[in-house]
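# Remarks on the overall topology
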Amino acid sequence: SMAAGPGAGPRLAELLAEGRRLWEEVETGTEPSSGAPAVQEKVRQGLEALQRAAAMVAQLELFSENEELEEIASADLRYLLLPALLGALTLKQVDLSRRLEHLESARAHFWRFLKLCKSYGLGSFHLPPGSPPGEEDGESPAPGGPAAAQPSLAAMASSRQAKIERYKQKKELENRLASMKTFVESGQADEEQIREFYILQIQKWISTGLEEIESIDQEMVILRSRGAVKQSSAPPHGPSRQVRTPLKPFILTRDAAQAKVFGAGYPGLPTMTVDDWYEQRRRQGVVSGQSAPQRTAGIADEELQKQQEEKKEEEDDEEALQKARNWDDWKDTHPRGYGNRQNVG
């Protein structure tokens, strides 16, 4: 591989270090949600730094698939990690509408990384197929019939065993890396130790890459089948029983005035008064016409009750007033004690 040109070395090292630092901050971050704007800003900056570094590595032709591992300068080994870090950060993006695109992109990064490692003889592993399931291209054999879809118990057991083995190796690698890290970073390590440290890092990322591709492939199958379900759930043709329209979420309000108030706070959710709701359901044939007046307890009825009570109070006031007036008149014409006469002993 060509030696890095003058000025490219430190700049490239800085870009890798920055991308890596941002990835670590996102990975071990304390932010409760990866969707937090601050986190996503780190993801964006990290991807940008790593992409610029990867472009420089390509320009400098640091790696080639037909050279030996020994031909790579120790200091350049760390740049092999660029596609792996790019894959890891790509997965940290949270825009759900572009999820499939992000999965495909991350998978391609991890796969390129694994392919390069394989060509340098780093780690013994099976290179996964180059394209995700569901869109195999010419190079990977199409899966067989239904039998191929049902892995045998023996195959499952051996793959479980392989996973446990891989997990153990990864833990062991992480421990060795942790013990070497300060030593290498303090500048005390000799070239041999630096080389070993970088190779261990690469091997750790190989197992991460294999795990990630496996989970990406699973997630893609789910996303694609969801997409297929969405397309096939068009209403059936011919006379079928009336399909109920699912209710879209909305805020139920007592009246139009309240609808106005609620609507202001939740621009995403339409508001609907109880009467509108009944009307809509009646039109859909869900609620029979005579349901509306027979409503039992609910927001609307509280309001109705209040109105009725107020009306009653008004009527009662009228009645009470009338009674009081009548009583006054009666007192005028009947002296006190009238009607008690029979009790006089």
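Residues numbered from 1 in each chain as written. Predicted model: local features only at pLDDT ≥ 70, side-chain atom pairs only at ≥ 80, totals over all residues. Heavy atoms only, no water.

## Re the pattern of salt bridges
The final tally for this structure, using the stated rule, is 18 salt bridges. Ionic pairing is found between Arg107 and Asp217, a salt bridge with its closest N-O pair at 2.7 Å. In this pair, Arg107 sits in helix H4 (residues 99–119) while Asp217 sits in helix H7 (residues 191–232), placing the two residues 110 residues apart along the sequence. Its relative accessible area of 2% is what places Arg107 among the buried residues. (Salt bridge = Lys/Arg side-chain N within 4 Å of Asp/Glu carboxyl O. Helix = DSSP H or I, 4+ residues; strand = E, 2+ residues; numbered from the N terminus. Buried < 20%, exposed > 50% of the residue type's maximum accessible area, 1.4 Å probe, protein only.)

## Looking at the side chain of Arg107
One polar contact links the side chain of Arg107 to the main-chain carbonyl oxygen of Gly130, over a distance of 3.3 Å. In this structure Arg107 touches Pro129, Gly130, Ser131, Pro132, Ile213, Ile216 and Asp217, once residues within four positions along its chain are discounted. (Polar contact = N/O pair within 3.5 Å; in protein donor to acceptor, adjacent residues only side chain to side chain. Contact = heavy atoms within 4.5 Å.)

## A closer look at the packing of helix H3 (residues 82–90) against H4
Contact geometry of H3 with H4 gives a least axis separation of 7 Å together with a crossing angle of 160°. Relative to H4, the element H3 lies roughly antiparallel. Helix-helix and strand crossings are classified by hand; for H3 and H4 the assignment is left-handed. Residues Pro83, Ala84, Leu86, Gly87, Ala88 and Thr90 of H3 form the contact with H4, whose participating residues are His102, Ser105, Ala106, His109, Phe110, Arg112 and Phe113. Classifying every residue of the contact of H3 with H4 by side-chain character gives seven nonpolar, five polar and one charged. (Axes fitted to C-alpha atoms, helices over the stretch in contact; angles between N-to-C directions. Parallel < 35°, antiparallel > 145°, perpendicular 65-115°, else oblique. Left-handed = near helix turned anticlockwise from the far one by under 90°. Nonpolar A, V, L, I, M, F, W, Y, C, P; charged D, E, K, R; others polar.)

## Considerations on the side chain of Asp76
Structurally, Asp76 is set in the loop between helix H2 (37–60) and H3. Buried charge without a salt bridge: Asp76, with Arg78 as the nearest opposite-charge side chain at an N-O distance of 5.9 Å. Those residues in contact with Asp76, other than ones at most four positions away along the chain, are Leu62 and Phe63. (Lys, Arg positive; Asp, Glu negative; His and termini not counted.)

## Digging into the environment of Leu91
With respect to the helices and strands, the residue Leu91 is situated in the loop between H3 and H4. Judged by relative accessible area, Leu91 falls into the buried class, the value being 17%. The spatial distance from the C-alpha of Leu91 to the C-alpha of Ile216 is 9.2 Å, given a sequence separation of 125 residues. Contact partners of Leu91, with chain neighbours within four places excluded, come to Arg99, Leu103, Ala106, Phe110, Glu212 and Ile216.

## As for the packing of aromatic side chains
The geometry of an aromatic ring pair comes down to the distance between the two centres and the angle between the two planes. Counted according to the given criterion, the structure contains three aromatic pairs. Taken together, a centroid distance of 6.4 Å and an interplanar angle of 80° make the contact between Phe63 and Tyr120 edge-to-face. Of this pair, Phe63 sits in the loop between H2 and H3 while Tyr120 sits in the loop between H4 and helix H5 (146–149), and the two are 57 residues apart along the sequence. For the pair Phe63 and Tyr120, one class covers both residues: buried. Centroid distance Phe197 to Tyr198: 6.1 Å. Interplanar angle 45°. Geometry classified as tilted. We note that Phe197, like Tyr198, is buried. Sitting over the face of the ring of Phe125, Lys118 holds its NZ or CZ atom 5.0 Å from the ring centroid. (Phe/Tyr/Trp six-rings, centres within 6.5 Å; stacked < 30°, edge-to-face > 60°. Lys NZ or Arg CZ within 6 Å of the ring centre and 35° of its normal.)

## What to know about the nonpolar core
With 57 residues, the main nonpolar core has Phe63, Leu80, Phe113, Leu122, Ile202, Trp205 and Ile206 as its most contacted residues. Taken together, the elements giving at least two residues each to this core come down to helix H1 (8–27), H2, H3, H4, helix H6 (153–185) and H7. At 11 residues, the largest contribution of residues to this core is made by H7. Apart from residues lying up to four places away in sequence, Phe63 is in contact with Val57, Ile72, Asp76, Tyr79, Leu80, Leu116 and Tyr120. (Core = buried A, V, L, I, M, F, W, Y, C linked by side-chain atoms within 4.5 Å.)

## What about a nonpolar patch on the surface?
A contiguous nonpolar patch, built from Trp327, Trp330 and Tyr338 and spanning about 370 Å² of accessible area, is present on the exposed surface. Among the secondary structure elements, Trp327 is positioned in helix H10 (residues 299–333). (Patch = residues over 30% accessible without salt bridge, like charges linked within 9 Å, V, L, I, M, F, W, Y side chains within 5 Å. Areas by Shrake-Rupley, 256 points an atom, 1.4 Å probe, with all protein chains shown as cover.)

## Here we look at unusual backbone geometry
Backbone geometry at Glu61 places phi at a positive 50°, although glycine is not the residue there. Structurally, Glu61 can be placed in the loop between H2 and H3.

## Points about the confidence of the model for the protein
Any residue range with low pLDDT should be treated as having predicted coordinates unsuitable for detailed reading. Taken over all residues, the pLDDT of the protein has a mean of 81, while the share at 70 or more is 75%. When pLDDT is averaged over each helix and strand of the protein, the minimum, 46, is found for H5 and the maximum, 98, for H3. This model gives residues 291–296 a pLDDT under 50, and the stretch forms nine contacts once residues within four places in sequence are excluded. (pLDDT = per-residue confidence, 0-100.)

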